[in-house]
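Fold and geometry: a report
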Amino acid sequence: MTRTFTESADVVVVGGGPAGSATATHLARAGARVIMLEKSAYPREKVCGDGLTPRAMAELTRLGIAAADQGWKANRGLRIHVGRAQYTMDWPTLTDVPDVGYTVRRSVFDQVLADHASQAGVQVITGATVTAPVLRRGRVTAVTTKDGRSFEAPVVVAADGNSSRLSVAMGRHRIASRPLGVAVRAYFTSPMSDEVWLDSWLELWDGPVNRSHLLPGYGWSFPLGDGTCNVGLGLPDASRFRDVDFRALMTRWLATMPPQWGFSVDHQVGAVASAALPMGFNRKPVAGSGLLLVGDAAGAVNPFNGEGISYAMESGRFAAEQIIQALARGIHTRAADRVLAGYATRLEQAWGGYFWLGNLFGRVIAHPAIMRLAAHHGLPIPVVRQLTHRLLAHLNDQPGHDGYDRVINALCALAPKA
Ligand SMILES: Cc1cc2nc3c(=O)[nH]c(=O)nc-3n(C[C@H](O)[C@H](O)[C@H](O)COP(=O)(O)OP(=O)(O)OC[C@H]3O[C@@H](n4cnc5c(N)ncnc54)[C@H](O)[C@@H]3O)c2cc1C
C-alpha cells in the first residue's frame, strides 16, 4: 500500500508555467505560504512562439524581473507582410507598458520565472503530476499527485494550461462555442535571427502564392538572437484543422518565403510541434468552490493575436491579489468567498469587452478573403494601420491619452463582456 504524505500551505498552485509562477510569486511576496506543483522538471520545453510583448514586459517588471539583464533578444515592434507590401510598426509609447518587447525560448523563460518564485519563498515541487482534487462539502481542499502525495490548502489555483485536468475534474469544461486556435512552430537557423522586428504574415498560403488556398490566421518569424528564429503559424479554429498534417502545411507555407531567410528543412533545428490556443475566456467559471483558474486554464489567450504569456502572468497577479484579501478576511467565511468570486469580475472588467471583440474578430478572419481585402485596402492607410496595430496587440492606455486609446477604450466599453 502506498503511504500517503500530506503537506499543507495557504495556497496550492497547480502548474509551473508563467501563470503559475506569477501567481505563486505575488502570493509569497504578500506573505502567503505557497506550494507550486509542476509535473515536469525545469528546464522543460513548451510549444510557443517565444514572443514577449510590451504587456508581458510590464508584468515582468511587476514581478521584479529585468529582461534587459537576462541576455534575451529585444525587439522594437512588428513588421507586417501583406502580399508584396510590408509595414514596420514600433511598439507605441504608452504610460501603462514599455515600448520594447523580447524573445526568449520558453525552456529558459519558464525556468527563470519558477526560480524567481522559489526565491520569493514559494515551495516549488517538480515531478509532481496532480491527478485529482480532494473535495470536502463541494470545495476543493487538497490535490493528490500521481506518486500518492497530497497537498492541502484552503485555496487551490489551476495554472495547468490548456487542458487543465484539474478544472475538468471540478466540472469546468471548455466552452465549445469559444475559440480554440491551434499553432505550429519550429526553429530554423537563419540570418534573420538578429532582426529587431517580429515578422508577421497576414496571408497564409497553403501552397504557391495566389495559386493555392488562402488559410485563416497568420504566420510569424520571431528572431531569437542566437542564430535561430522561431517560425510558425496560428490558425483560429482548431476544429477545422483536426486532420491536417501540420508538418506538411508548414513546409508548403515556408516554401513561399524568400530563400535567403533560410526557412527550409535543411536549416530546421528540432521538430515541428503544435499546441492549442484557448482564447476569449473559453473556460468558466474562473472562481468558485475554492478553485481559481489562471492563464490558459482560464482560456485567457488574446483572440486577436494568440498572445497568452502576458495574460497568464496578469491573471495570476489578479488571482493572487484576491486570494490575499480572502486570506486576510478569514478563509471559508462569506466575506472571503465573496472576494475570491471577485476574481471573475476582475478578469471581466480588465478584458471582457476586449475579448468579446476578439472573439468576433476570430469569426471574421475565419473567412480569409475578408481578412485579405481588409489588409490590402486598410493597412496602406497610416491611421488604420496604427489603430489595427494597437487594437490587435492590446496596447492602449487607460484612461486614454490619444485618439487610438480613446477609440479602443470606447469599443471595449461598448462591447458586451466575453
Ligand atoms: C505554437 C504556439 C505559439 C505561441 N506563441 C506565443 C507567443 O509568442 N507569445 C505569447 O504571449 N503567447 C504565445 N502562445 C501562448 C502561450 O504559450 C500560452 O498562453 C502560455 O504558455 C500560457 O501559460 P500558462 O502558464 O497558463 O500555461 P502553460 O505555459 O501551458 O503552463 C502550464 C504548466 O502546467 C503544468 N501542468 C499541466 N498539467 C499538470 C498537472 N496535472 N500537474 C502539475 N503540473 C501540470 C505543465 O507542465 C506546464 O508547465 C503560443 C502558443 C502556442 C501553442
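Here is what the cut-offs are and how they apply
Residues numbered from 1 in each chain as written. Predicted model: local features only at pLDDT ≥ 70, side-chain atom pairs only at ≥ 80, totals over all residues. Heavy atoms only, no water. Buried < 20%, exposed > 50% of the residue type's maximum accessible area, 1.4 Å probe, protein only. Helix = DSSP H or I, 4+ residues; strand = E, 2+ residues; numbered from the N terminus. Pairing = 2+ DSSP bridges. Right-handed = clockwise from strand over helix to strand, strands pointing away. Near = heavy atom within 4 Å. Polar contact = N/O pair within 3.5 Å; in protein donor to acceptor, adjacent residues only side chain to side chain. Areas by Shrake-Rupley, 256 points an atom, 1.4 Å probe, with all protein chains shown as cover. Domains from an automatic or database assignment. 1 Å grid on protein atoms, 1.4 Å probe; cavity = no way out; pocket = protein on both sides within 12 Å on 5 of 7 lines; lining within 4 Å. Points joined across faces, edges and corners; volume = space filled by probe spheres on them. Nonpolar A, V, L, I, M, F, W, Y, C, P; charged D, E, K, R; others polar. Patch = residues over 30% accessible without salt bridge, like charges linked within 9 Å, V, L, I, M, F, W, Y side chains within 5 Å. Salt bridge = Lys/Arg side-chain N within 4 Å of Asp/Glu carboxyl O. Axes fitted to C-alpha atoms, helices over the stretch in contact; angles between N-to-C directions. Parallel < 35°, antiparallel > 145°, perpendicular 65-115°, else oblique. Left-handed = near helix turned anticlockwise from the far one by under 90°. Contact = heavy atoms within 4.5 Å. Buried area = accessible area lost by both parts, 1.4 Å probe.

All right, on to the pairing of strand β2 (residues 11–14) then. In β2, alternate side chains face the same way, and those of V11 and V13 on one face and V12 and V14 on the other are all buried. Both β2 and strand β3 (residues 34–38) contribute to a ladder of four bridges, which runs parallel. Note that in β3 the partner of V12 across the bridge is I35. Crossover handedness for the path β2 to helix α1 (residues 18–29) to β3: right-handed. Two elements, β2 and strand β13 (residues 155–158), share four bridges in a ladder whose sense is parallel. For V12, the partnering residue across the bridge sits in β13 and is V156.

Here we take up the site of the ligand. Not every one of the 38 residues close to the ligand is listed here, only the nearest: E38, R44, G49, G51 and D296. Here an oxygen atom of the ligand and a backbone polar atom of P18 are 3.2 Å apart. Contacts to the ligand include K39, whose backbone N or O atom sits 3.1 Å from a nitrogen atom. The fraction of the free accessible surface of the ligand (1000 Å²) that becomes covered by protein chains is 93%. At the level of secondary structure, the elements contributing two or more residues to the shell around the ligand comprise α1, β3, β18 (218–223), β20 (268–278) and α6 (309–329). When residues in the shell around the ligand are grouped by element, the largest group, three residues, is from β20. Structurally, the shell around the ligand is a two-domain feature, drawing no fewer than three residues from each of domain 1 (5–72 + 106–176 + 280–351) and domain 2 (180–278).

With that settled, the discussion passes to empty space enclosed by the protein. Taken as a whole and assessed by the stated rule, the structure comprises one cavity of 30 Å³ or more. Along the walls of the largest cavity sit L202, E203, L204, L214, L215, P368, M371 and R372, which together make up its complete lining. Of all elements in the fold, only β17 (214–215) and α8 (368–378) reach the threshold of two or more residues within the lining of the largest cavity. Looking at which element gives the most residues to the lining of the largest cavity, the answer is α8, with three residues. Here the lining of the largest cavity is built from residues that sort into six nonpolar, no polar and two charged.

Attention shifts here to unusual backbone geometry. Cis geometry marks the peptide bond from Y42 to P43; its omega dihedral reads 0°. Along the chain, P43 turns up in the loop between β3 and β4 (51–52). Following Q398, the chain continues into P399 via a peptide bond in cis, with omega recorded as -5°. Positive phi, close to 65°, is recorded for D50, a residue that is not glycine. In this structure, D50 sits in the loop between β3 and β4. Assessed through its relative accessible area of 1%, D50 is described here as buried. Unlike most non-glycine residues, R137 shows phi in positive territory, near 50°. You can see R137 is positioned in the loop between β10 (130–136) and β11 (139–145). Owing to a relative accessible area of 82%, R137 belongs among the exposed residues under this scheme.

Taken together, the side chains of L360, V364 and I370 make up a nonpolar region of the molecular surface, amounting to roughly 220 Å² of accessible area. Examined against the element boundaries, L360 turns out to sit in helix α7 (residues 334–365).

Another aspect to go through is the packing of α6 against α7. Orientation of α6 relative to α7, taken along the N-to-C sense of each, is 155°, at an axis distance of 8 Å. Between α6 and α7, the crossing angle belongs to the class labelled roughly antiparallel. Our pair here, α6 against α7, has a crossing hand that is right-handed. Residues Y311, E314, S315, F318, A319, E321, Q322, I323, Q325, A326 and R329 of α6 pack against A335, A336, V339, L340, G342, Y343, R346, L347, A350, W351, Y354 and F355 of α7. Tallied by class, residues from the contact of α6 with α7 come to 15 nonpolar, four polar and four charged.

As a further point, take the domain arrangement of the protein chain. Structurally, the protein chain comprises domain 1 (5–72 + 106–176 + 280–351), domain 2 (180–278) and domain 3 (361–414). Once you take the C-alpha centre of each, domain 1 and domain 2 turn out to be 30 Å apart. Across the boundary between the two partners, domain 1 contributes 17 residues, which contact 14 residues of domain 2. Counting each side, the surface lost to burial between domain 1 and domain 2 is near 1200 Å², with a carbon and sulfur contribution of 56%. It is V47, G49 and D50 in domain 1 that bury the most area against domain 2; as a group they hold 36% of the surface buried on that side. One salt bridge connects R185 with E45, and the closest N-O pair in it is separated by 2.7 Å. The interface formed by domain 1 and domain 2 contains eight residue pairs in polar contact (both at pLDDT 80 or more). Broken down by class, the residue content of the side of domain 1 that touches domain 2 amounts to four nonpolar, eight polar and five charged.

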